[in-house]
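Architecture and fold: a report
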Amino acid sequence: MKLAEALNLRADLQKRIAQLKLRLLANAKVQEGDTPAEDPTLLLQELDGYTAQLEMLIRQINKTNNSTVVDGASLVDMIARKDVLTLKISILRDFVQAAANKADR
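Presented here is a report on the structure given in the accompanying data block. Counting starts from 1 at the beginning of each chain's written sequence and moves along it residue by residue. Reporting of local features is limited, given that this is a predicted model, to residues whose pLDDT is at least 70; pairs of side-chain atoms are given and counted only at 80 or more, and all residues count toward the totals for whole chains, interfaces and linings. Values reported for side chains reflect all heavy atoms of the structure, with hydrogen atoms and water molecules removed beforehand.

Take a side-chain nitrogen of Lys or Arg and a carboxyl oxygen of Asp or Glu: if they are within 4 Å of each other, that pair is a salt bridge. Evaluated as defined, the whole model comprises five salt bridges. Across the pair E38 and R23 runs a salt bridge, and its minimum N-O distance is 2.6 Å. Taken together, the residues E38 in the loop between α1 (3–26) and α2 (40–67) and R23 in helix α1 connect sequence positions 15 residues apart. Residue R23 is joined to E46 by a salt bridge in which the shortest nitrogen-to-oxygen separation is 3.6 Å. With R23 in helix α1 and E46 in helix α2, the pair connects residues that are 23 residues apart, well separated along the chain. A simple rule labels every residue: compare its accessible area, found with a 1.4 Å probe on the protein chains alone, to the largest value its type can have, and call it buried under 20%, exposed over 50%, or partly exposed in between. By relative accessible area, which is 30% here, R23 ends up partly exposed. Helical segments are the DSSP runs of H or I of at least four residues, strand segments are the runs of E of at least two, and each set is numbered from the N terminus.

Let us now look at the packing of α1 against α2. At their nearest, the axes of α1 and α2 sit 9 Å apart, and the two run at 155° to each other. Between α1 and α2, the angle falls in the class roughly antiparallel. For the crossing formed where α1 meets α2, the hand is left-handed. Residues of the contact of α1 with α2, tallied by class, amount to 17 nonpolar, five polar and four charged. The convention used is that axes are lines fitted to C-alpha atoms, helices contributing only their stretch in contact, and that angles between N-to-C directions extend from 0 to 180 degrees. Here roughly perpendicular refers to angles of 65 to 115 degrees, roughly parallel to angles under 35, roughly antiparallel to angles over 145, and oblique to all remaining angles. Note on convention: the crossing is left-handed when the near helix lies turned anticlockwise from the far helix by less than a right angle, right-handed when the turn is clockwise. Polarity classes work like this: nonpolar for Ala, Val, Leu, Ile, Met, Phe, Trp, Tyr, Cys and Pro, charged for Asp, Glu, Lys and Arg, and polar for all others, with Gly in that last group.

Following this line, the structure appears as structure tokens:
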């Protein structure tokens, strides 16, 4: 499986898990004597399957990212650098925005 395919599959699994969470929450409580629209036990089994798939996929992606080297740096190193720069940019943008706001007196 190519990295791009694995990343798309990971995104798909994450969406499925998010939808499953909503289904679980919708069936968490029912009136006494009523039955839930969906069996929570089956939903939990489905969750176990999706999370196991996601874990395996994340492991494969991380192994690929760790072993792939571009310009002397692994993809893991580049991703870490990107994440830190994204965080820093976000903080600096918020800082500039706060400094640009006029104070009403």
